[in-house]
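Chain and residue survey
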Amino acid sequence: MDIAVIGCGYVGLVSGVCLASLGHKVIAVDVDEARVKSLREGIVPIYEPGLSEMIKNEVANGRLSFDTDSVRAARESSTIFLAVGTPPAKGGGYDLTYLYTAAEQAAKNANGPKTLVIKSTVNPGTGSKLAKLVAKASTHRIEVVNNPEFLREGTAIQDFMQPDRIVFGAASAEGIATLREIYQPLIDKGFAIFSMSRESAEMTKFAANAMLAMRISFMNELSQLAQTIGADIESVRVGIGTDARIGPGFLKAGVGYGGSCFPKDVQALVHQMKTIGVEPLLLSGIEQVNFRQKMTYAKNILDALKGIENPAVALWGLAFKSDTDDVREAPAFDIIRALLEGGATIKAYDPQAMENIKKVVGNKITYAKGVADATAGADAIAVITDWPEFITQDWGKIAKLMKGKHVFDGRNCLASGKVSAAGLHYHAIGRPELKPGEGRPGSMGIVSAG
Ligand code: NAD
Ligand code: UGA
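So, how was this worked out
- Residues numbered from 1 in each chain as written.
- Chains lettered and ligands numbered in written order.
- Predicted model: local features only at pLDDT ≥ 70, side-chain atom pairs only at ≥ 80, totals over all residues.
- Heavy atoms only, no water.
- Near = heavy atom within 4 Å.
- Polar contact = N/O pair within 3.5 Å; in protein donor to acceptor, adjacent residues only side chain to side chain.
- Areas by Shrake-Rupley, 256 points an atom, 1.4 Å probe, with all protein chains shown as cover.
- Helix = DSSP H or I, 4+ residues; strand = E, 2+ residues; numbered from the N terminus.
- Nonpolar A, V, L, I, M, F, W, Y, C, P; charged D, E, K, R; others polar.
- Pairing = 2+ DSSP bridges.
- Right-handed = clockwise from strand over helix to strand, strands pointing away.

1. Details of the site of ligand 1
In the vicinity of ligand 1 lie 25 residues, with Val11, Asp30, Thr86, Thr121 and Lys264 positioned nearest. A distance of 3.3 Å separates a nitrogen atom of ligand 1 from a polar atom in the backbone of valine 31. Lysine 264 places a side-chain nitrogen or oxygen 2.6 Å from an oxygen atom of ligand 1. Burial of ligand 1 by the protein chains amounts to 87% of its free accessible area of 840 Å². Secondary-structure elements contributing two or more residues to the shell around ligand 1 are α1 (10-21) and α5 (97-108). A per-class count over the shell around ligand 1 returns 11 nonpolar, 7 polar and 7 charged.

2. With respect to the pairing of strand β10 (residues 345-349)
Looking at chain direction, strand β9 (residues 312-316) and β10 are connected through 5 bridges and run parallel. If you follow alanine 314 over to β10, its bridge partner there is lysine 347. In this view, the connection linking β9 to its parallel neighbour β10 by way of helix α13 (residues 331-341) has right-handed handedness. Where β10 lies against strand β11 (residues 366-367), 2 bridges are found, and the strand directions are parallel. Across the sheet, the residue bridging to alanine 348 is tyrosine 367, located in β11. Handedness of the crossover joining β10 and β11 through helix α14 (residues 354-361): right-handed.

See the structure below:
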């Protein structure tokens, strides 16, 4: 099938290249000329494991190309995926300007019947509004369907090519048939497909993100109790996660969730509930807990460093999670702000996200060349992102580089015993702290990384 993908961001690039690898001819379009130019030169503007290689292959075999001309792409394609951003709107909910603009343009220039596939995350009801809008803009039949994207940054290609499920939302049998045709190679491999109404598909995406964010906030809230009473939230995680009704995923306590989606999608859901006159008691708490978690982490660091003038904090990790250079809504921002307000100085390092964070934080902090550079002379280390290279550090060497002794493991990802054996004071999230030289009594041998 000839497919246009509008938007060459995380979702557009991953969907575009994966659809090409399923055998479709894909034109990926972006309004950002510099982005398209660099993609044509083989430079992928985002860091996502495996993406560059896959794009190179699909471009070489002629199934994938990049363009700024959305009119041509839409005319040459029977199906148009909309993968543009849906950022938070000022008054709450989503700003759907990019989505409506792209859809209207595709409809106005349609040279025959088209299917518009909404890949962007939208609030329930958007597809119906969009269907009315494009019906007015074109004399041709424009089918609007929803195909929510569940990929995670860092494992995006695997999530697209080996999905837990694929959701089709449509208002007609024709819409479902088009989506089936597109995904037939994955259907043939046995991946689960669920067809439903457009509203249900839109809401499924909303509900999935809110549920995942809620699980994290649930564990983060409990981590504060664990910390106080001397329980270990990592033991609790394993203890409840092995219950088949609960499941193990997304129960990891930490510094709070970030990323371009959980914060904005939870906020948009809260907003939509309010617009229907229902106070979202549970949903409102998800973001509040998340913010408090970041503040508690920063406060714990400042409390431990009390008495030191302008304490030096080595900040390990800036991206909102490992395996990405994405810093959108990264917990690092609020933590940096709180530490600076508390009088700390910060030297930071991230394997992929340095350039992106510099654009926002500028010269308020110092940027290091690597872990050792960030750590030299530090009073404390704050681990914000669980990059593998942080987990495998030689703690004997790290201890020698430091001036102070405090390590704040914001992701419960370090081998606590190794940190304390190196003479350092290990602080975690919802786990008993370990003083220098202390072991962890009653360890269940839990693998806490990941
Ligand atoms: P992004 O900001 O990385 O990319 C969006 C791209 O669309 C930008 O490059 C922008 O220049 C381009 N664009 C905007 N208007 C355009 C137009 N009219 N024509 C062509 N290009 C245009 O966004 P993203 O992270 O890829 O997210 C896209 C959507 O997918 C959002 O709704 C998001 O909530 C959803 N989503 C994101 C993820 C994720 O992991 N990032 C996962 C699932 C769903
Ligand atoms: C998330 C969802 O997992 C995807 O299914 C969804 O498609 C996507 O949002 C989206 O709609 O954009 P993503 O934001 O890429 O994916 O990353 P996640 O792996 O979900 O992590 C989000 C945040 O939660 C990160 O800051 C991560 O560190 C944090 N997290 C995750 C925890 O604090 N604890 C956990 O147990 C899991």
